[in-house]
Amino acid sequence: MIDKYTICSFDECTACAACMNVCAHNAITTQEDGLGYLYPEIDLSRCVECGLCRMVCPALHPLTLYKPQDVYAAVSRNQWEHLSSSSGGAASVISRYMIKSRGVVYGCSQNNYLDIKHVRVDKDADIDALKGSKYVQSEIGLCYRKVKQDLLANKTVLFIGTPCQVAGLKSFLRKEYEQLYTIDLVCHGVAPQRMLCEDVESNSKTERKENGEIYVNFRWKTKSGIRFGIQLCQKERDRLNILKSIRFPYNAYITAFMTGLSFRENCHQCVYAGVKRVGDWTIGDFWGLGAYQKTQIVGKEGVSLLMVNTDKGNRLLQEVKDAFILEKRTLSEAVRGNANLKSASARPKNKDLFKQTLGEKGLNAACRAALSHKQYFKLIVIEEMKRVPFLMSVFKKVRLFINQKKYNGE
């Protein structure tokens, strides 16, 4: 007998929405719990107990994962594409190729801070809406159904999302489609949109409105490198006017995210946090590029990590490689720079305190309760060091010298 809530256990649920999409009776919706995390809820008056929701749940039926065939550092040859992207522009390059080939792209778009979700894009002019890191859980909605409609219409489809979202799509489809290409992101974890809304509204004088006129940048490029934080912007036509910038760790939302306090419970036991991947490609930041072996790519404006995981992904790379500056690297180097290619984000020891305080007093109080003065001080010192180019340059050269000796001795 099915109950109102249980498809898989709460601790395993990723809110991938495969169950909601597969339900022909629309008996399943995603609802927020007391802290804003999304979980499926079943309307028992509509449910016919067919069991499809459990049949397509990737937490109950794990998918095949692939070990990368090749690993690259990648930067778009188009300078504007590179500078306007969060990292090296890998996702934008392949997205534009798909649109040019008369395909469609599904990815996360931020219309405003109240509206961050997966959307369908079929015009080159709309690709820019998919740019930028969104350190919040994107709502899938009924996106998978639209993907299936496109596939059945024989369209080529590119789907970009977190590994659990890619897994959700594949589980929903229940068969392989040759014209479907998937890109999974190197993901640390996801936080609920309600938490972001609280933070934005506490840092701006704008009341929460239906049109949600505030747009959020979670990271931005500077002369000395990439900075993390919350940057509140006002959208005016095609421009974003910056209203306020609060760097990590001086903002509660980004601090809770960067320390893992705000992640869903399943993120701390993520089955996709490893070298074996669910997508045809994996992309992320190539953190630590050149720290173990010398590189010809200058990474101050961001460099994409590009992992080719399947034969299909390899064929696609051959079609788009001329749009990239590519440098072949080793998988071990990629793992060293991205901890979540090795294991899931550890559950912070004060997470229960964070969640309790969050429900009672809000986000700012929850961060103060969960992080000690010593932890805050350490975060501040590290971030302030990154703002001094000379110190960072010396640190990187020393690290390269030490790591090369270790690397060559392996």
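Bear in mind that the values here come from a model prediction, so they are computed numbers and not experimental data. (Residues numbered from 1 in each chain as written. Predicted model: local features only at pLDDT ≥ 70, side-chain atom pairs only at ≥ 80, totals over all residues. Heavy atoms only, no water.)

Draft legend 1. Structural detail: the packing of aromatic side chains. Summed over the entire model, instances satisfying the criterion amount to 9 aromatic pairs. With 6.3 Å between their ring centres and 20 degrees between their planes, tyrosine 135 and phenylalanine 228 make a pair best called stacked. Here tyrosine 135, found in the loop between β5 (115–121) and α5 (143–152), pairs with phenylalanine 228, found in strand β9 (residues 225–236); they are 93 residues apart in sequence, far enough to count as distant. Tyrosine 135 sits in the buried class, given a relative accessible area of 12%. An aromatic cluster is built from Tyr135, Phe218, Phe228, Tyr253, Phe257, Phe263 and Trp287, whose rings are joined through pairwise contacts. Against the face of tyrosine 177 rests lysine 175, its NZ or CZ located 4.9 Å from the ring centre. We note lysine 312 situated over the ring of tyrosine 181; from NZ or CZ to the ring centre the distance is 5.5 Å. (Phe/Tyr/Trp six-rings, centres within 6.5 Å; stacked < 30°, edge-to-face > 60°. Helix = DSSP H or I, 4+ residues; strand = E, 2+ residues; numbered from the N terminus. Buried < 20%, exposed > 50% of the residue type's maximum accessible area, 1.4 Å probe, protein only. Lys NZ or Arg CZ within 6 Å of the ring centre and 35° of its normal.)

Draft legend 2. Inspection of the environment of glutamine 293 at higher detail. Position of glutamine 293 relative to the elements: it lies in the loop between β11 (281–285) and β12 (304–308). Exposure remark for glutamine 293: the relative accessible area of 27% places this residue in the partly exposed category. Taking the C-alpha atoms as reference points, glutamine 293 and threonine 330, 37 residues apart in sequence, are found 9.6 Å from one another.

Draft legend 3. Inspection of the confidence of the model for the protein at higher detail. Put simply, the protein has an average pLDDT of 90, and 90% of its residues get 70 or more. Predicted confidence for residues 207–212 stays below pLDDT 50, and this span has 9 contacts to residues more than four positions away or in other chains. (pLDDT = per-residue confidence, 0-100. Contact = heavy atoms within 4.5 Å.)

Draft legend 4. Representation of the pattern of salt bridges within the structure. In total, this model carries 21 salt bridges according to the counting rule given. Taking the shortest distance from any N to any O, the salt bridge between aspartate 150 and arginine 120 comes out at 2.8 Å. With aspartate 150 in helix α5 and arginine 120 in strand β5, the pair connects residues that are 30 residues apart, well separated along the chain. On the basis of relative accessible area, arginine 120 is assigned to the partly exposed category, the value being 33%. For glutamate 327, the salt bridge identified is with arginine 329, shortest N-O distance 2.7 Å. Arginine 329 carries the same exposure label as glutamate 327, and that label is buried. A network of salt bridges, in which partner residues are shared, links Glu81, Arg96, Asp124, Asp128 and Lys131. (Salt bridge = Lys/Arg side-chain N within 4 Å of Asp/Glu carboxyl O.)

Draft legend 5. The arrangement of helix α13 (residues 373–385) in detail. Here α13 spans 18 Å end to end across 13 residues, near enough to the 18 Å set by a 1.5 Å rise per residue. All of the buried residues in α13 are Tyr376, Leu379 and Glu383. Projected onto a plane normal to the axis of α13, the buried residues spread over an arc of 65 degrees and lie on a single side. Residues of α13 that are exposed and point over 90 degrees away from its buried face: His373, Lys374, Phe377 and Lys378. Contacts made by the buried residues of α13 are with α8 (252–258) and α12 (363–370). (Expected span 1.5 Å × (residues − 1). Arc of directions from axis to C-beta.)

Draft legend 6. Fine view of the sheet that holds β12. Reading across from one edge, β5-β4-β6-β7-β11-β12-β3-β13 is the order of the 8 strands in this open sheet, with mixed pairing throughout. Two strands in the sheet have a free side with no partner beyond their single neighbour: β5 and β13 (324–329). Strand-to-strand twist in this sheet, taken as the mean axis angle between neighbours without regard to direction, amounts to 30 degrees. (Pairing = 2+ DSSP bridges. Axes fitted to C-alpha atoms, helices over the stretch in contact; angles between N-to-C directions.)

Draft legend 7. Local environment of the sheet that holds strand β10 (residues 239–247). Reading across the sheet, the 3 strands line up as β8-β9-β10 and stay open at both edges, with antiparallel pairing between neighbours. Looking at which strands have only one partner, the edges of the open sheet turn out to be β8 (214–222) and β10. With strand direction ignored, the average angle separating the axes of adjacent strands in the sheet is 40 degrees. Here β8 runs beside β9; their pairing, made up of 8 bridges, is antiparallel. Residue pairing for β9: threonine 222 is matched across the bridge by glycine 225.

Draft legend 8. Spatial organisation of the packing of helix α11 (residues 351–361) against α12. α12 packs onto α11 with a crossing angle of 150 degrees between their chain directions and a minimal axis gap of 7 Å. The angle between α11 and α12 places the two elements in the roughly antiparallel class. When you trace α11 past α12, the crossing you get is right-handed. Across from Leu353, Phe354, Thr357, Leu358 and Lys361 in α11, the residues of α12 making contact are Leu363, Ala365, Ala366, Cys367, Ala369 and Ala370. Broken down by class, the residue content of the contact of α11 with α12 amounts to 9 nonpolar, 1 polar and 1 charged. (Parallel < 35°, antiparallel > 145°, perpendicular 65-115°, else oblique. Left-handed = near helix turned anticlockwise from the far one by under 90°. Nonpolar A, V, L, I, M, F, W, Y, C, P; charged D, E, K, R; others polar.)

Draft legend 9. Region of the structure containing the pairing of strand β4 (residues 104–112). Counting buried residues in β4 gives 8 out of 9 residues, a clear majority hidden from the surface. Here β4 pairs with strand β6 (residues 157–161) via 3 bridges, running parallel. Residue tyrosine 106 lies in a different strand from β6, and its bridge partner there is phenylalanine 159. As defined by bridge partners, β4 adjoins β5 across 7 bridges and the pair is classed as antiparallel. Its bridge partner lying in β5, glycine 107 is registered against valine 119.

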